[in-house]
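One-letter residues, chain by chain:
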Amino acid sequence: MAPELTPVLSRGWLDSEPWTLAGYQRRDGYTAVKQALRMHPDEVIQLVKDSGLRGRGGAGFPTGMKWGFIPQNDGKPHYLVVNADESEPGTCKDIPFMMANPHELVEGVIIACYAIRASRAFIYVRGEVLHVLRRLQAAVREAYEAGFLGKGVFGTDFDLDLTVHAGAGAYICGEETALLDSLEGKRGQPRLRPPFPAVAGLYASPTCVNNVESIGSVPAIVRNGVDWFKGMGSEKSPGFTLYSLSGHVKYPGQYEAPLGITLRELLDYAGGIRPGHRLKFWTPGGSSTPMFTEEHLDVPLDYEGVGAAGSMLGTKALQIFDETTCVVRAALRWTEFYAHESCGKCTPCREGTYWLVQILKRMEKGEGTEDDLGKLLDLCDNIVGKAFCALGDGAAAPIQSSLKYFRDEYLEHFERGGCPLDPSLSTAWADGPLSFARTSA
């Protein structure tokens, strides 16, 4: 029997106007921050450390440990930056959370800033999502009017200003140091590390950069306690998280569940693969993570389980593809995205992603040769671990894994002189009326 869904971040999504201050307070909103403000800041950091909360942005680094890296009594201003620059293909968890529940993020920001002794915070949002920007700005305005932000937060001597910043729309700005450069008004490009942001981040001051879901999870942990949080998930990956299912499933959408649930179990909630078809391949954490196949249906979807099986949990963006999908075409589309979004700072990524696209285009048309498969892998080897940031590794991952599992399909393109599959059969309308998403709330 599949583990039960755990609507924590997604609770109240179907309520009337859950994004308002009144709506959030009906769900115990802003009670956790009052508890936190009665604690010493170091006690708040220790509580988050004890919970085992790991960053939900992709790397899975322990959140409390990251907070603990901020030096104290150093005489410098401290900053909290929330990375809301979500834009990887398949990743779509932060935007619905911020639309439906922006005040939970604001409450998490207040608690985090109090813990790391920061009086200034930023939420960096991808500029194209205007509806999210407006929703966040409205929530921040409500919080200021209620006295939850600004001078004397909740009547204490703690001051905090929160700014919602619109990025210009660049995938690279999801990389934390490129994001900081962008916030400073520079071109968004990754920085050489060390120094790390905890020592010299925004304006060369100690800065903590956290994902939306990481910060949004904090109020529930403070409100319900460490034991409650560790009662879900696995020993090394405790808690709940948002899994985003898209592609060839009957009910795509957000499913909030304990870490360690399997795709087979999530598919039960999502209505399964679209009728009459079978699973071909899927990504466990977005397009930048090595793909899985049907043999991985029972891999526990936590950091350790997915890593042991040869991929990464990433952002839990589960893109599902059935047997009508051409794996060469899918790899080409993802690689085109990474080539377009490469910032150009380093040669392996800038030049490597360009040539990957050229070879994959030739292969998809059936004009390549078997030697091109070796060239693809050589190019990937010259990018992985040699690029300035993780974008290069992410570009190579789908190509390497698709060749690992579907080399014969690449060869079939050469033998047939074109794609063996009809691309129209993989479209959402191929089998009749579209299915509509539902939420776990």
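Higher on the page you've got the structure.
These figures come from a predicted structure and were not determined experimentally.

**Structural notes on the sheet that holds strand β2 (residues 120-125)**
Move 1: As summarised here, the arrangement of the 4 strands in space is β3-β2-β1-β4, forming an open sheet in which the pairing is parallel. Edge strands, defined here as strands with exactly one partner in the open sheet, are β3 (161-166) and β4 (207-211). Neighbour-to-neighbour, the strand axes of the sheet open up by a mean angle of 20°, direction not taken into account.
Move 2: Two elements, β2 and β3, share 6 bridges in a ladder whose sense is parallel. Across the sheet, I123 pairs through a bridge with V164, a residue of β3.
Move 3: Seen against the sheet, helix α6 (residues 102-116) touches β1 (79-84), β2, β3 and β4 and runs at an angle of roughly 145° to β1.

**Points about the sheet that holds strand β7 (residues 279-283)**
Move 1: Read across the sheet, 5 strands follow the order β6-β5-β9-β7-β8 without closing on themselves; strand pairing throughout is mixed. Both outer strands of the open sheet, β6 (253-258) and β8 (292-293), are each paired with one neighbouring strand and no more.
Move 2: Sheet strands in contact with helix α14 (residues 327-341) are β7 and β9 (317-322), and its direction is about 15° off that of β7.

**Some words on the nonpolar core**
Move 1: Among the nonpolar cores identified, the biggest contains 63 residues, and Y30, W67, L80, L105, V109, I110 and V125 are the most heavily contacted of them.
Move 2: Here the element with the most residues in this core is α6; it accounts for 10 residues.
Move 3: In this view, V125 contacts A84, D85, V132, L133, L136, V164, H165, A166 and G167; residues no more than four positions away in its chain are not counted.

**Observations regarding the pattern of salt bridges**
Move 1: The final tally for this structure, using the stated rule, is 23 salt bridges.
Move 2: A salt bridge links K151 to D159, with the shortest nitrogen-to-oxygen separation between them at 3.9 Å.
Move 3: Between R193 and E176 there is a salt bridge whose closest N-O contact spans 2.9 Å. Note that R193 is positioned in the loop between α8 (176-183) and α9 (197-200) and E176 in helix α8, a separation of 17 residues in sequence.

**Some words on the packing of helix α15 (residues 347-364) against helix α16 (residues 370-383)**
Describing two packed helices takes the angle between their axes plus the distance from one axis to the other.
Move 1: Packing of α15 against α16 brings their axes to within 10 Å, and their N-to-C directions diverge by 160°. With respect to their mutual orientation, α15 and α16 come out roughly antiparallel. When the axes of α15 and α16 are compared, the crossing they make is left-handed. The residues of α16 that touch α15, namely those facing P348, G352, T353, W355, L356, I359, L360, R362 and M363, are D372, L373, K375, L376, L379, C380, N382 and I383.

**Observations regarding unusual backbone geometry**
Move 1: Cis geometry marks the peptide bond from R193 to P194; its omega dihedral reads 0°.
Move 2: Note that P194 resides in the loop between α8 and α9.
Move 3: Even without being glycine, N73 reaches a positive phi, approximately 55°.
Move 4: In this fold, N73 is placed in the loop between α4 (63-68) and β1.
Move 5: Residue N73 is classed as exposed on the basis of its relative accessible area of 81%.
Move 6: Notably, Y203 is not glycine yet its phi reads approximately 50°, a positive angle.

Reading guide: rules and limits
- Residues numbered from 1 in each chain as written.
- Predicted model: local features only at pLDDT ≥ 70, side-chain atom pairs only at ≥ 80, totals over all residues.
- Heavy atoms only, no water.
- Pairing = 2+ DSSP bridges.
- Helix = DSSP H or I, 4+ residues; strand = E, 2+ residues; numbered from the N terminus.
- Axes fitted to C-alpha atoms, helices over the stretch in contact; angles between N-to-C directions.
- Contact = heavy atoms within 4.5 Å.
- Core = buried A, V, L, I, M, F, W, Y, C linked by side-chain atoms within 4.5 Å.
- Buried < 20%, exposed > 50% of the residue type's maximum accessible area, 1.4 Å probe, protein only.
- Salt bridge = Lys/Arg side-chain N within 4 Å of Asp/Glu carboxyl O.
- Parallel < 35°, antiparallel > 145°, perpendicular 65-115°, else oblique.
- Left-handed = near helix turned anticlockwise from the far one by under 90°.

Purely spatial values, then, with no claim about function.
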